[in-house]
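# Structure at a glance
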Amino acid sequence: MKYLTLAETYQDLQATSKRLEMRDILVDLFRGTEPRLMGRVVYLTQGTLGPDWEGLQLGLGEKLVSRAIALTAGISDDDLEALVHREGDLGLATEAAFASKGPKQVQLFQESLTVDRVFESLTMVARVEGSGSTEKRIRLLQQLLMDADPLSARYIVRTVVGKLRLGIADMTILEALEKAFLWAEDEERVMGSDKVVETIYNVHPDMGAIALAVANEGAEGLAGFGIQVGVPVRSMLAERLGSTPEILEKMGDRCAFEYKYDGMRIQAHVGLEGVHLFSRRMETITSQFPDVVQAMESAFADVEAIMEFEAVVHNPETGELLPFQEVSHRRGRVHGLAESVEDYPLVLFAFDLLYLDGEELLLQEFQLRREALESLLGKAGEGPIRPSTLRWVEDPEGGDDFFLEAIAAGCEGIIAKAIGEGSHYRAGARGW
DNA sequence: CTTGCCTGCCC
DNA sequence: ATTCTGC
DNA sequence: GCAGAATGGGCAGGCAAG
């Protein structure tokens, strides 16, 4: 498959803002794609090269990509900057530069770019490291752009800087996958009626792998993708509500209030093969938190579980909780890990349990998950792992006190959580 | 060796 | 994280 | 109400340059 085919599809997508139309453009693309290529096509359309937890980074942003473009098009940095200003973004500027004096001129003997070539080149860019790697990354991108027609160049550049701006993202791609491979040809349904693919994606957020499976095997391909220790579950998120009446309307008269800790979210997976930690955005952060790994190992031996925590730096002498800024010193840390563990000691407030010893708890009501969590934590004993502070509420009007209490405890506020019917864990959605 | 740009990811 | 837009 | 894009503050690491 030519990359230009993909680029033309992207152009079509940009031409409309109607979501159903966008979805159908993607459906046509997917149905016309060799199954073998579906993983790569979907990753590129997402603007990635693999699942988030694999941590591939291109390591090129606006500045460095600009250098590659200027070199390839044979224009000065200043000229390129002027073009960006005129055209609106770096992708369009590249297209314009290539169209007027593009490298197409030297292209008589080259084959046009394929999806494979683009994907593999970008993967190479992501893999380079060490001294001289910046230069090498730029050169690799330059070589790729050298063979690109103007339209392809627009989207390659946007992919690398991480701003495809197609008007579509995860949800639309998932719906398109569903329609392309699970619906009969020409079938029409209410949008989002089944959401089989999305449901799988929520517990196995690797769209390339899912696309490949569903393109090759249809619905049966989805069988192998259930919730699994070691694979992150998409986080359920909170939305901001301004007032008690709003909370009442959203949650009904009975709900739970919980401290909203000013820390960093960690999804912990413990199992027979060790501990895995993931960030809210499904990045692997295991090696950055050896203290957390150790705490999990000693608290949850012989257990298989997926739990969610808010990690907060505290003062062990006073028990005082410290603000987000403190825990942010630990994010991304590779050097001086032992010192940072000392300097920024963590408390881990457990607030949800998604999986326990072969049992999926995602679909259970909040009370049940909370009970299971507390009983699991009961076995953990003393230590940095604690249950989040929670209050079952009969009368939400009385939430003001709890709010003030949370603020006094060093928290950002409170979170209202629905209970009872419909209070399952809504992975990937805003529901708290 | 130190400094500062650049990138990526947390909120 | 928040804010804005279009459907 | 949802999906997507754009934007902000702040931190650490990797690398290039001095």
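To be clear, the structure that these remarks concern was listed above.
First, a word on what this report is: a plain description of the structure on this page. (Residues numbered from 1 in each chain as written. Chains lettered and ligands numbered in written order. Predicted model: local features only at pLDDT ≥ 70, side-chain atom pairs only at ≥ 80, totals over all residues. Heavy atoms only, no water.)

## Considering the packing of helix H7 (residues 115-127) against helix H8 (residues 133-146)
Quick reminder of the rule: Geometry is summarised by axes, namely lines fitted to C-alpha atoms with helices restricted to the contacting stretch, and by angles between N-to-C directions that run from 0 to 180 degrees. Helix numbers and strand numbers start at the N terminus; a helix is a DSSP run of H or I with at least 4 residues, a strand a run of E with at least 2. Between 65 and 115 degrees an angle is taken as roughly perpendicular, under 35 as roughly parallel, over 145 as roughly antiparallel, and anywhere else as oblique. Contact criterion: two residues are considered in contact whenever any of their non-hydrogen atoms come within 4.5 Å of each other. Residue classes follow a fixed rule: Ala, Val, Leu, Ile, Met, Phe, Trp, Tyr, Cys and Pro count as nonpolar, while Asp, Glu, Lys and Arg count as charged, and any other residue, Gly among them, counts as polar.
Interhelical geometry of H7 versus H8 gives an angle of 170° and a closest axis separation of 9 Å. Considering the angle they form, H7 stands roughly antiparallel to H8. Contacts between H7 and H8 involve Arg117, Val118, Ser121, Leu122, Met124 and Val125 from the first element and Arg137, Leu140, Leu141, Gln143 and Leu144 from the second. For the contact of H7 with H8, a count of residues per class yields seven nonpolar, two polar and two charged.

## Comments concerning helix H17 (residues 366-378)
Definition in use: By this rule, a helix spans an expected 1.5 Å times one less than how many residues it contains. Relative accessibility under 20% of the residue-type maximum defines a buried residue, over 50% an exposed one, and the middle range a partly exposed one, all with a 1.4 Å probe and only protein chains included. The arc under discussion is defined with respect to the helix axis, by the directions toward the C-beta atoms.
The end-to-end C-alpha separation of H17 is 18 Å, in line with the 18 Å expected for 13 residues at 1.5 Å each. Within H17 the residues assigned to the buried category are Phe366, Arg369, Arg370, Ala372, Leu373, Leu376 and Leu377. Projected onto a plane normal to the axis of H17, the buried residues spread over an arc of 165° and lie on a single side. Turned more than 90 degrees away from the buried face of H17, the exposed residues are Glu371 and Gly378. Summarising the contacts, the buried residues of H17 are in contact with strand S1 (255-260), strand S4 (305-313), strand S5 (346-356), strand S7 (385-387), strand S8 (390-393) and strand S9 (413-418).

## Focus on the state of the cysteines
Put simply, the test is: Note that a disulfide, as used here, is simply two cysteine sulfur atoms within 2.5 Å.
A complete count under the given rule lists zero disulfides for this structure. A disulfide-free cysteine, Cys255 has its sulfur positioned 17 Å from the sulfur of Cys411, the nearest such atom. Owing to a relative accessible area of 1%, Cys255 belongs among the buried residues under this scheme. Judged by its relative accessible area of 7%, Cys411 is buried.

## A short note on the protein's contact with DNA strand B
Which entries qualify depends on this criterion: Working definition: residue near molecule or strand if any one of its non-hydrogen atoms lies within 4 Å of it. Each polar contact in these results corresponds to two N or O atoms within 3.5 Å; when the atoms are within protein, one needs to be able to donate a hydrogen and the other to accept it, and residues that are neighboring in sequence are counted only if both atoms are side-chain atoms.
Gly61, Leu64, Arg265, Ser279 and Arg331 are the nearest of the 16 residues found near DNA strand B. Each atom of DNA strand B within 4 Å of the protein was assigned to sugar, phosphate or base; sugar and phosphate come to 92%. Here a phosphate oxygen of DNA strand B and a backbone polar atom of Lys63 are 3.3 Å apart. Between DNA strand B and the protein, one listed contact pairs a phosphate oxygen with a backbone N or O atom of Arg265 at 2.9 Å.

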